[in-house]
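Each chain, letter by letter, is given below.
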Amino acid sequence: MAVAVGRPSNEELRNLSLSGHVGFDSLPDQLVNKSTSQGFCFNILCVGETGIGKSTLMDTLFNTKFESDPATHNEPGVRLKARSYELQESNVRLKLTIVDTVGFGDQINKDDSYKPIVEYIDAQFEAYLQEELKIKRSLFNYHDTRIHACLYFIAPTGHSLKSLDLVTMKKLDSKVNIIPIIAKADTIAKNELHKFKSKIMSELVSNGVQIYQFPTDEETVAEINATMSVHLPFAVVGSTEEVKIGNKMAKARQYPWGVVQVENENHCDFVKLREMLIRVNMEDLREQTHTRHYELYRRCKLEEMGFKDTDPDSKPFSLQETYEAKRNEFLGELQKKEEEMRQMFVMRVKEKEAELKEAEKELHEKFDLLKRTHQDEKKKVEDKKKELEEEVNNFQKKKAAAQLLQSQAQQAGAQQTKKDKDKKNSPWLCTE
Amino acid sequence: MDKEYVGFAALPNQLHRKSVKKGFDFTLMVAGESGLGKSTLINSLFLTNLYEDRQMPEASARLTQTLTIERRGVEIEEGGVKVKLTLVDTPGFGDSVDCSDCWLPVVHFIEEQFEQYLRDESGLNRKNIQDSRVHCCLYFVSPFGRGLRPLDVAFLRAVHEKVNIIPVIGKADALMPKETQALKQKIRDQLKEEEINIYQFPECDSDEDEDFKRQDAEMKESIPFAVVGSCEVVKDGGSRPVRGRRYTWGTVEVENPQHCDFLNLRRMLVQTHLQDLKEVTHDLLYEGYRARCLQSLARPGARDRASRSKLSRQSATEIPLPMLPLAETEKLIREKDEELRRMQEMLEKMQAQMQQSRAQDEESDAL
């Protein structure tokens, strides 16, 4: 990544002319060769509702089939799905990451839909920042996951932007390069398209949404970028199916009333999008991400942490001093917290002890009470036992007495019968 | 003996004459997100410009827009038959970022019409009852998604027992034929899964001719109708002016059955099933509403209250019809009554138990 070095303004640079060919005009080539051998990296974020054609457009743009399972409308919230692919064309290797918003626009309450997207973008910036701040870092080897371009898919209603689109784009415009596109544009007739496009652009402008501006400062690309910018937002159609047109096969969508050719500029702006996104401005998108969006994030983050470029005396701070100061502050805070915790711990222990003592006392009292009741009951039981014994004794006595009476009665009875028997016998004898 | 000609075969003609004289009225509701071609379709259906010079609000204005109900009435005539068509539109549906409960105004509106009719029907003077009940609701599903969305399901669930729903796929020229079939099947499956009752076409009589039966079967199979609307007249290849949408790659003809189901929808809605829609609304949906309403009025608690109130004293025109919220409070009261009863039973049981245990204690004491 080339870094601009500021020159002190009071030094005058003299323009010298060369008397022969030196050869440093090969510098750009050296740069290109180096980058080519390293390989390039590009990350695209696709934001749009389910079914609007994000995956199909990616397939069409990169002429390959990235596999993905189409999502349903039943996602409970928005989540981001990132997939990385290695592509190669001629001798140029591209590490492409495509990030999808799954479930965008499906929920009934979409207030929080933008949050997962913003969090993801910030997380990638954070990862890069952490790498940059490391002591032992390897930036040249670092796999850059920051989002370089955000394709925002607008539904072809023909009227204007949806409220969700406006809210989301406003949240994203300071974090990523937004390129709005009209998806499924084969629904819009030619005369309606112009009105729709200008309505969208005027709504974006009036709500202060910053979309990506194709660079017009460099003469080689200024012209093409200027002409293309007029057609924003690009109305695209995607298709991976091929249809026979004339004697060639071309990517198209076949309807009963005609065939929409994806690469026909009269039918849709797909070719323009491909030119702009991939063939002309890919490197500029990466640069903008690094020099504008990432720098903004970094500045905000570091300011949050308390770093400043100049101290109250307007002398430039050295990062080292700030680090030291921060570190001491941090350690001091830690110590304070430790003290607090220790005190709290001691207090808690004391409280617990008191509680336990109380509980112990209560238990003792209960024990005493129980003991007393136990003794009372025991006495009662013993009394009852005595009573029972007495009754038993009485009963035994009565029984004995009764038995005695019975035996006496029996004896008397036996004597009586004997007398009766004698009496009975004697009359017999008497009569004779 | 020859059967003499009595003459009641002329009854259908008498009916025809009377109905022509009376005229028809029909209320059609269109619902669905903005930008699905609802207004254009209505204009195409009735070949009249009901929506002239519409102002579409800006996206920033629609951030928190609530749903409004708009009614447009128009009288159209064809072949001596007059139709008073009322169109109910629901602008703002699904527009704001938070659409929770955005269908409630629609439900409320439909029930209001039922309530109005109930009042009129129960009134003393029933000569000129205006039927403002919604006879049919065309619900537009987006062709850009993969089926019904949660908002669609929520809306349909809320109204399916109250109005005849005909689901329609708007802007169907975004779909290739096999995509259309797949989407229709997905929507049908989802409707079955979510147990949403859409309008069922009645079976045609067995004595209808084969052609009619075939058409009828075709029509039933193409639900939900995939429609394209247009107010423009274009010249197709055969230099015949047709309604259509002109693209660089071809022209979509609205009335071409190969291109979309517009003809089927028009035939069904206007030519063959308009009267059936009205009848189903009256015999099924309205009766259901009426039964629910009066049932909640006839609950035990409510009856006492009602009898104590003006019901007996005043004339029937002023029946204090319970608004649905009242039915809710009745339900609450009933629930509370039951709870009280249950608690009383429990209390009695506990008392009995206590007595039992007390008796047991005494017994053990006595020993």
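Owing to the predicted nature of the structure, the values given are computational and were not obtained by experimental measurement. (Residues numbered from 1 in each chain as written. Chains lettered and ligands numbered in written order. Predicted model: local features only at pLDDT ≥ 70, side-chain atom pairs only at ≥ 80, totals over all residues. Heavy atoms only, no water.)

A. Structural detail: the overall build of chain A. On a plain count of helices and strands, chain A comes out with 9 helices and 9 strands. On C-alpha atoms alone, chain A measures out to a radius of gyration of 49 Å, which is more than a quarter above the 22 Å that the 2.2 N^0.38 rule sets for 432 residues. Residues classed as buried in chain A amount to 34% of the 432 residues present. Residue pairs at least 24 apart in sequence account for 68% of intrachain contacts in chain A once pairs closer than 6 positions are excluded. Summing over all exposed atoms, chain A offers an accessible surface of approximately 29,300 Å²; the carbon and sulfur share of this is 53%. Here chain A carries 66 positive and 71 negative side-chain charges, and the mean point of each set is 9 Å from the other. (Helix = DSSP H or I, 4+ residues; strand = E, 2+ residues; numbered from the N terminus. Rg over C-alpha atoms; globule rule 2.2 N^0.38 Å. Buried < 20%, exposed > 50% of the residue type's maximum accessible area, 1.4 Å probe, protein only. Contact = heavy atoms within 4.5 Å. Areas by Shrake-Rupley, 256 points an atom, 1.4 Å probe, with all protein chains shown as cover. Lys, Arg positive; Asp, Glu negative; His and termini not counted. Charge placed at Lys NZ, Arg CZ, Asp CG, Glu CD.)

B. Molecular detail of the overall build of chain B. Across its full length, chain B carries 10 helices and 9 strands. Within the structure as shown, chain B displays about 21,600 Å² of accessible surface, and the carbon and sulfur contribution to it stands at 50%.

C. Structural view of the packing of aromatic side chains. Per the stated rule, a full pass over the model turns up 18 aromatic pairs over all chains. With 6.4 Å between their ring centres and 90° between their planes, F104(A) and Y152(A) make a pair best called edge-to-face. With a gap of 48 residues between them, F104(A) in the loop between β3 (92–102) and α3 (114–133) and Y152(A) in strand β4 (residues 149–154) connect regions that are remote in the sequence. Owing to a relative accessible area of 2%, F104(A) belongs among the buried residues under this scheme. Classification of Y152(A) by relative accessible area gives buried; the value is 0%. Ring centres 6.2 Å apart and planes at 85° place the aromatic pair F93(B) and Y139(B) in the edge-to-face group. On the criterion of sequence distance, the pair formed by F93(B) in the loop between β3 (81–89) and α3 (104–122) and Y139(B) in strand β4 (residues 136–141) is long-range, its members being 46 residues apart. Neither F93(B) nor Y139(B) differs from the other in exposure class; each is buried. The structure contains a cluster of three or more aromatic residues connected by ring pairs, namely F125(A), Y128(A), Y142(A), Y294(A) and Y297(A). Over the ring of Y286(B) we find R133(B); its NZ or CZ atom is 4.8 Å from the centre of that ring. (Phe/Tyr/Trp six-rings, centres within 6.5 Å; stacked < 30°, edge-to-face > 60°. Lys NZ or Arg CZ within 6 Å of the ring centre and 35° of its normal.)

D. Representation of the nonpolar core within the structure. Residues L273(A), L277(A), L138(B), F155(B), F225(B) and L269(B) are the most contacted members of the largest nonpolar core, which totals 154 residues. Looking at this core element by element, the count peaks at 8 residues for α3(A). (Core = buried A, V, L, I, M, F, W, Y, C linked by side-chain atoms within 4.5 Å.)

E. Fine view of the UniProt feature "site: Important for dimerization" (unreviewed entry) in chain B. Here the UniProt feature "site: Important for dimerization" (unreviewed entry) sits at F144(B). The contact partners of F144(B), leaving out residues within four places of it in the chain, are T50(A), G51(A), I52(A), P156(A), K184(A), T187(A), R149(B), K171(B) and A174(B). (UniProt positions renumbered as here; feature names shortened; annotations may be inferred.)

F. Up close: a negative patch on the surface. All names here are of chain A. On the surface, E351, E355, E358, E362, E365 and D368 cluster together to form a negatively charged patch. Following the sequence through the fold, E365 ends up in helix α9 (residues 319–431). Judged by relative accessible area, E365 falls into the exposed class, the value being 53%. (Patch = residues over 30% accessible without salt bridge, like charges linked within 9 Å, V, L, I, M, F, W, Y side chains within 5 Å. Salt bridge = Lys/Arg side-chain N within 4 Å of Asp/Glu carboxyl O.)

G. Up close: the domain arrangement of chain A. Its domain assignment divides chain A into domain 1 (36–305) and domain 2 (319–384). For domain 1 of chain A versus domain 2 of chain A, the distance between C-alpha centres works out to 61 Å. (Domains from an automatic or database assignment.)

H. Seen up close, the sheet that holds β4(A). Residues and elements named next belong to chain A. In spatial order, the strands read β2-β3-β1-β4-β5-β6; together these 6 strands make up an open sheet with mixed pairing. Each end of this open sheet is capped by a strand with a single partner; those strands are β2 (79–89) and β6 (234–235). In the sheet, β4 pairs with strand β5 (residues 178–182) via 5 bridges, with the strands oriented parallel. Residue pairing for β5: F153 is matched across the bridge by I181. The sheet strands contacting helix α5 (residues 190–206) are β4, β5 and β6, and the helix crosses β5 at an angle near 150°. (Pairing = 2+ DSSP bridges. Axes fitted to C-alpha atoms, helices over the stretch in contact; angles between N-to-C directions.)

I. View of the interface of chain A and chain B. Between chain A and chain B, the residue contacts involve 46 residues of the former and 49 residues of the latter. Both faces combined, the contact of chain A with chain B buries some 4,000 Å², and carbon together with sulfur accounts for 53% of it. For the chain A face of the interface with chain B, the top three residues by lost area are H73(A), I108(A) and W257(A), together amounting to 20%. Between chain A and chain B we count 5 salt bridges in total. At the boundary of chain A and chain B, one finds 16 residue pairs in polar contact (both at pLDDT 80 or more). The dominant element in the side of chain A that touches chain B, judged by the number of residues it contributes, is α5(A), at 5 residues. (Buried area = accessible area lost by both parts, 1.4 Å probe. Polar contact = N/O pair within 3.5 Å; in protein donor to acceptor, adjacent residues only side chain to side chain.)

J. View of the pattern of salt bridges. This model, assessed by the stated rule, comprises 37 salt bridges over all chains. Its salt-bridge partner being E49(A), residue R149(B) comes within 3.3 Å of it at the nearest N-O pair. Pair noted here: R149(B) is in the loop between β4 and α4 (150–159) and E49(A) is in the loop between β1 (40–47) and α2 (54–61), and the two residues belong to different chains. Its relative accessible area of 6% is what places R149(B) among the buried residues. Here D261(B) makes a salt bridge to K184(B), at a shortest N to O gap of 2.6 Å.

K. Expanded view of the pairing of strand β2 (residues 70–78) of chain B. Residue and element names in this part refer to chain B. Where β2 meets β3, 9 bridges bridge the pair, whose relative direction is antiparallel. When the sheet's bridge partners are listed, R71 is paired in β3 with V88. The hairpin formed by β2 and β3 contains 2 residues between the paired strands, and G79 there has a positive phi angle of roughly 60°.

L. Inspection of empty space enclosed by the protein at higher detail. Applying the stated criterion across every chain yields a total of 5 cavities of 30 Å³ or more. Here the largest cavity defines a volume of roughly 240 Å³. Surrounding the largest cavity, 21 residues form its lining, K110(A), K162(A), E33(B), G94(B) and D95(B) being those nearest its centre. S55(A), S68(A), Y85(A), I98(A) and D100(A) are, among the 14 residues lining the second largest cavity, the residues nearest its centre. Elements supplying a minimum of two residues to the lining of the second largest cavity: α2, β2 and β3 of chain A. Looking at which element gives the most residues to the lining of the second largest cavity, the answer is α2(A), with 4 residues. Looking at the lining of the second largest cavity, its residues break down into 6 nonpolar, 2 polar and 6 charged. (1 Å grid on protein atoms, 1.4 Å probe; cavity = no way out; pocket = protein on both sides within 12 Å on 5 of 7 lines; lining within 4 Å. Points joined across faces, edges and corners; volume = space filled by probe spheres on them. Nonpolar A, V, L, I, M, F, W, Y, C, P; charged D, E, K, R; others polar.)

M. Representation of the sheet that holds strand β9 (residues 258–261) of chain A in the model. Residue and element names in this part refer to chain A. Ordered in space as β7-β8-β9, the 3 strands form an open sheet in which the pairing is antiparallel. A single partner strand is all that each edge strand has here, and the edge strands are β7 (242–245) and β9. Neighbour-to-neighbour, the strand axes of the sheet open up by a mean angle of 65°, direction not taken into account.

N. Layout of the layout of surface pockets. Residue and element names in this part refer to chain A. Its boundaries defined by the atoms lining it, the largest pocket holds a volume of some 2,100 Å³. In terms of lining, the largest pocket is formed by 46 residues, of which the most central are G39, F40, C41, E283 and R286. Counted by class, the lining of the largest pocket contains 21 nonpolar, 12 polar and 13 charged residues.

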